[in-house]
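Given next are the chains, with one letter for each unit.
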Amino acid sequence: DSLTGDRLGCFNLSLRGHAECVRYTKGFNVPTLVLGGGGYTIRNVARCWAYETSVLLDTELPDEIPYNDYFEYYAPDYRLHLTPEQSPNMNTEASLESV
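Small disclaimer: the values here were computed from a predicted structure and weren't measured.

### With respect to the packing of helix 1 (residues 15-26) against helix 2 (residues 42-56)
Stage number 1. At their nearest, the axes of helix 1 and helix 2 sit 9 Å apart, and the two run at 35 degrees to each other. In this structure, helix 1 meets helix 2 at a crossing whose hand is right-handed. Between helix 1, through Leu 15, Arg 16, His 18, Ala 19, Val 22, Arg 23 and Lys 26, and helix 2, the contact on the second element is made entirely by Asn 44, Arg 47, Cys 48, Tyr 51, Glu 52, Val 55 and Leu 56.
Stage number 2. Split into classes, the residues belonging to the contact of helix 1 with helix 2 amount to 7 nonpolar, 2 polar and 5 charged.

Pasting the structure below:
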């Protein structure tokens, strides 16, 4: 629900931002089990898990999605990384300070 483009989410995170949580957890150097999960926009979930797997494996991925049986799902840009949508920041300074 936290990725940009999710129909029900409102956090609007990029893949890189989402993967920073994985990178942070990985930084503790303890055994970690990473499980796949849902999401409401399946093509973006696939992008996210591909990128987060690359972070876990310390492997760079190209931004261009290679041709495959599901290539058309990634139209119109055929790129791994998503551009966050413009959305208003609904956080108030008081709400952030209370966290």
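Still more to cover.
### Some details on the packing of aromatic side chains
Stage number 1. All chains considered together, the criterion is met by 4 aromatic pairs.
Stage number 2. Ring centres 5.4 Å apart and planes at 45 degrees place the aromatic pair Tyr 70 and Tyr 73 in the tilted group.
Stage number 3. For Tyr 73, a relative accessible area of 49% puts it in the partly exposed group.
Stage number 4. Pairing Phe 71 with Tyr 78 gives two aromatic rings, centres 4.3 Å apart and planes at 10 degrees, and the pair type is stacked.
Stage number 5. The exposure class assigned to Phe 71 is buried, which follows from its relative accessible area of 17%.
Stage number 6. Given a relative accessible area of 23%, Tyr 78 falls into the partly exposed group.

Rules and cut-offs
- The numbers attached to residues start from 1 for each chain and follow its sequence in the written order.
- Local features in this predicted model are restricted to residues whose pLDDT is 70 or higher, and side-chain atom pairs enter the listing and the counts only when it is 80 or higher, whereas totals over whole chains, interfaces and linings include all residues.
- The side-chain quantities take in all heavy atoms of the structure and omit both hydrogens and water.
- Axes, fitted as lines to C-alpha atoms, cover a helix only where it is in contact. Angles between the N-to-C directions of the axes lie from 0 to 180 degrees.
- Secondary structure elements follow DSSP: runs of H or I of four or more residues count as helices, runs of E of two or more count as strands, with numbering from the N terminus.
- Crossings are assigned a handedness: left-handed for a near helix turned anticlockwise from the far helix by less than a right angle, right-handed for a clockwise turn.
- Residue contacts are counted whenever heavy atoms from the two residues lie within 4.5 Å of one another.
- Three residue categories are used. Nonpolar comprises Ala, Val, Leu, Ile, Met, Phe, Trp, Tyr, Cys and Pro, charged comprises Asp, Glu, Lys and Arg, and polar comprises the others, including Gly.
- Only the six-membered ring of Trp is used, alongside the rings of Phe and Tyr, when aromatic pairs are assigned; centres must lie within 6.5 Å, and planes under 30 degrees apart are stacked while those over 60 apart are edge-to-face, with the rest tilted.
- Each residue is assigned to one of three classes by its accessible area relative to the maximum for its type, calculated with a 1.4 Å probe on protein chains only: buried under 20%, partly exposed between the two thresholds, exposed over 50%.

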